[in-house]
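Chains, contacts and geometry: an overview
As a plain string of letters, each chain reads:
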Amino acid sequence: MIIASQKPLQEIKEMVADHERILVLGCGTCVTVCFAGGEKEVGILSTSLRMASKLDGDEKTFDEATVQRQCEWEFLDAVQEEIESHDLVLSMACGIGVQAIVERFPVANVAPALNTAFLGIPEEQGLWTERCAACGECILHRTAGICPIARCAKSLLNGPCGGSQDGKCEIDPEIPCAWQLIYDRLKAQGRLDQLLEIEPPRDWSSSRDGGPRRLVREDLRLESHQHKEET
Ligand code: SF4
Ligand code: SF4
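None of these values were measured; they are calculated from a predicted model. Residues take numbers from 1 onward in each chain, read along the sequence in its written order. Chain labels run from A onward and ligand labels from 1 onward, assigned in the order the entries are written. For this predicted model, a pLDDT threshold of at least 70 governs which residues receive local features, and a threshold of 80 or more governs which side-chain atom pairs are given and counted, while totals over whole chains, interfaces and linings are taken from all residues. Note: side-chain values were computed over all heavy atoms of the structure, leaving out hydrogens and water.

1. Digging into the nonpolar core
In this description, a nonpolar core means a group of buried Ala, Val, Leu, Ile, Met, Phe, Trp, Tyr and Cys residues linked to one another through side-chain atoms lying within 4.5 Å. Residue burial is assigned from relative accessible area. The probe radius is 1.4 Å, only protein chains are included, and a residue is buried under 20% of its type maximum, exposed over 50%, and partly exposed in between. With 21 residues, the main nonpolar core has Ile12, Val16, Ile22, Val24, Leu45, Leu90 and Met92 as its most contacted residues. Comment: elements are numbered from the N terminus, with helices defined as DSSP H or I runs of at least four residues and strands as E runs of at least two. Elements with a contribution of two residues or more to this core: strand E1 (2–6), helix H1 (9–16), strand E2 (21–27), helix H3 (39–55) and strand E4 (88–91). Contacts between residues were defined by any pair of non-hydrogen atoms, one from each residue, lying within 4.5 Å. When sequence neighbours within four positions are dropped, the list of residues in contact with Ile12 reads Gln6, Lys7, Leu45, Leu49, Leu90 and Ala113. In terms of nonpolar packing, the next biggest core, distinct from the first, is built from 15 residues, Ala65, Ala100, Ile101 and Val110 among them.

2. Quick word on the site of ligand 1
Residue proximity to a molecule or strand is established when one non-hydrogen atom of the residue lies within 4 Å of it. Near ligand 1, the surroundings consist of Arg131, Cys132, Ala133, Ala134, Cys135, Cys138, Ile139, Leu140 and Cys147. Here the nonpolar group is Ala, Val, Leu, Ile, Met, Phe, Trp, Tyr, Cys and Pro; Asp, Glu, Lys and Arg are the charged ones; every other residue, Gly included, is treated as polar. Taken together, the residues of the shell around ligand 1 break down into eight nonpolar, no polar and one charged.

3. Thoughts on the sheet that holds E4
We treat two strands as partners when DSSP finds at least two bridges between them. Pairing is parallel across the open sheet formed by four strands, whose spatial order is E3-E2-E4-E5. Sheet topology places strand E3 (61–67) and strand E5 (110–112) at the edges, where each strand pairs with a single neighbour. Here the average twist between neighbouring strands, direction ignored, is 25°. Of the strand pairs in this sheet, E4 and E5 are connected by three bridges, and their pairing is parallel. Residue pairing for E5: Leu90 is matched across the bridge by Ala111. Across the sheet, H1 is in contact with E2, E3, E4 and E5; its angle to E4 comes to roughly 160°. Convention adopted: a line fitted to C-alpha atoms gives each axis, helices being fitted over their contacting stretch, and angles between N-to-C directions are expressed from 0 to 180 degrees.

4. A closer look at unusual backbone geometry
Glycine aside, residues mostly have negative phi angles, and peptide bonds mostly take the trans form. If you check the backbone angles, Ala134 has positive phi at about 50° while not being a glycine. Following the sequence through the fold, Ala134 ends up in the loop between strand E7 (127–132) and helix H7 (148–151). The phi angle at Ser155 is positive, at roughly 50°, despite the residue not being glycine. Locating Ser155 in the fold gives a position in the loop between H7 and strand E8 (168–169). In this structure Ser155 comes out as partly exposed when scored by relative accessible area, which is 25%.

5. Let's talk about the site of ligand 2
In the vicinity of ligand 2, the contacting residues are Cys152, Ala153, Lys154, Pro160, Cys161, Ser164, Cys169, Glu170, Cys177 and Ala178. The residue makeup of the shell around ligand 2, split by class, is seven nonpolar, one polar and two charged.

6. Quick notes on the pattern of salt bridges
Each salt bridge in this description consists of a side-chain nitrogen of Lys or Arg and a carboxyl oxygen of Asp or Glu lying within 4 Å of one another. The tally for this structure, following the rule as stated, stands at eleven salt bridges. Of the charged contacts, one joins Glu11 and Lys7 as a salt bridge, the two residues approaching to 3.0 Å between their closest N and O atoms. One salt bridge in this structure joins Asp219 and Arg217, with 2.9 Å as the shortest N-O distance. Note on Asp219: relative accessible area 43%, which makes it partly exposed. Among the residues examined, Arg217 registers a relative accessible area of 45% and is labelled partly exposed.

7. A word on the sheet that holds E1
If you trace the three strands from one edge of the open sheet to the other, you get E1-E6-E7, paired in antiparallel fashion. What marks the edges here is a single partner per strand, and that holds for E1 and E7. On average, each strand axis in the sheet is tilted by 70° relative to the strand beside it, whichever way the strands run. Sheet topology note: the strand E6 (residues 114–124)/E7 ladder contains five bridges and is antiparallel. Across the sheet, residue Gly120 finds its bridge partner in E7, namely Glu130.

Structural data, given as structure tokens:
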């Protein structure tokens, strides 16, 4: 899932400073699960902003709403009236949610209340760690299901850099060396010979380094066009 965290309150206060009617809009999916931007966090942030506004002698209004997914227009349409009747939407979704609002409602003024961090998993209560960098060409079948692009600090594809100590990455003793994890798992599976296969130079054009990406499913597009023609 997408992992995000709330921006510092002071930064959010600065973003709302020039606005009077603000809609604090949460998202019911990833950011709810990582306790950053769900209904509960919308309530807490709105209350904090109301109190801060009162202390500053301001007359700002902070209204609240949460949709199931901000990244899909059909869910945003359910709150169109709220979005268009406020002079700022303070989005508590990831960066995709913010941009989905902007694209759906060209006149809406939108600000991000969260910092979107990465694609990851909850490892334990209060700890999320990155698992995928959305590179566009998955090689997990060759690396024992452990991603060297997201989890190795240098995104090395053919073994470790040699700097790890006690199984930890040389850049951070809190983070396991991805290649140590890959080695251990391949060894446990009796598949160490996999490491002898050289991963060829990568075509990074399918990753973020190659610019904005599109994923097209022609079969789904065709179905959708046919459905539109029939109705
Ligand atoms: S190889 Fe690419 S797609 Fe697969 S987990 Fe790693 S970053 Fe994600
Ligand atoms: S220590 Fe391991 S994870 Fe860290 S950069 Fe080197 S190979 Fe990558």
